[in-house]
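Each chain, letter by letter, is given below.
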Amino acid sequence: MRPQTARELWNLFTEIFPGFSAYCEEEEIQPDTTLHFVMRDFTTYFGSYRDTFTESQLRKVGQFINDAVAIDDNLENAVSTCFLEHLRQVSSYKTLAPFLSRQAKDKTHA
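Residues numbered from 1 in each chain as written. Predicted model: local features only at pLDDT ≥ 70, side-chain atom pairs only at ≥ 80, totals over all residues. Heavy atoms only, no water.

**A few points about the pattern of salt bridges**
This model, assessed by the stated rule, comprises five salt bridges. The partner of Glu55 in a salt bridge is Arg59, and the shortest N-O contact between them spans 2.3 Å. A residue pair is termed a helical-turn pair when its members lie 3 or 4 positions apart in one helix, as Glu55 and Arg59 do in helix α4 (residues 55-69) at four residues. Assessed through its relative accessible area of 46%, Arg59 is described here as partly exposed. (Salt bridge = Lys/Arg side-chain N within 4 Å of Asp/Glu carboxyl O. Helix = DSSP H or I, 4+ residues; strand = E, 2+ residues; numbered from the N terminus. Buried < 20%, exposed > 50% of the residue type's maximum accessible area, 1.4 Å probe, protein only.)

In structure tokens:
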């Protein structure tokens, strides 16, 4: 499933990372909440907890990221501008890089 709404994206992240629901609470996700809002919160969460994630979680989020950047749309923009462009800033590139496609890696910045 390719999330089209902030709620769908939040649901996907809380399924992979149950702790994300305490970081970005469900009540914050309103009908006008954007994909970018969820991705910004996820970036901070991911950077803060990167050392606690399992390989399975990293593989799942890597696959999501790879799928998200494959199509040029609002999801790709949110993932690229709010997550991938900041992956090194939150000291998480090395953690996630083994699970990212070349296309996703190309969207990160040194």
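**Side note on the environment of Gln103**
Take Gln103: it is sitting in helix α7 (residues 102-106). With a relative accessible area of 38%, Gln103 lands in the partly exposed category. Through-space distance from the C-alpha of Gln103 to that of Gly47 is 21 Å; in sequence the pair is 56 residues apart. In contact with Gln103, other than residues within four places in its own chain, are Val69 and Ala70. (Contact = heavy atoms within 4.5 Å.)

**Some details on the packing of aromatic side chains**
Counting across every chain of the model gives 17 aromatic pairs. Plain terms: the ring middles of Phe42 and Tyr45 are 6.2 Å apart, the flat faces sit at 35° to each other, and that makes the pair tilted. Placement of the pair is Phe42 and Tyr45 together in helix α3 (residues 35-49), with a separation of three residues, close to one helical turn. The same class applies to Phe42 and to Tyr45, which are both buried. Ring geometry for Phe42 and Phe46: centres 5.7 Å apart, planes at 50°, overall tilted. Linking Phe42 with Phe46, this pair stays in helix α3, spanning four residues, or about one helical turn. Overall, Phe42 belongs to the buried group, its relative accessible area being 0%. By relative accessible area, which is 0% here, Phe46 ends up buried. An aromatic cluster of three or more residues is present, and its members are Phe13, Phe17, Phe20, Tyr23, Phe42, Tyr45, Phe46, Tyr49, Phe53, Phe64 and Phe83. For the cation-ring pair, Arg88 lies above Tyr93, with the distance from its terminal atom to the ring centre recorded as 3.8 Å. (Phe/Tyr/Trp six-rings, centres within 6.5 Å; stacked < 30°, edge-to-face > 60°. Lys NZ or Arg CZ within 6 Å of the ring centre and 35° of its normal.)

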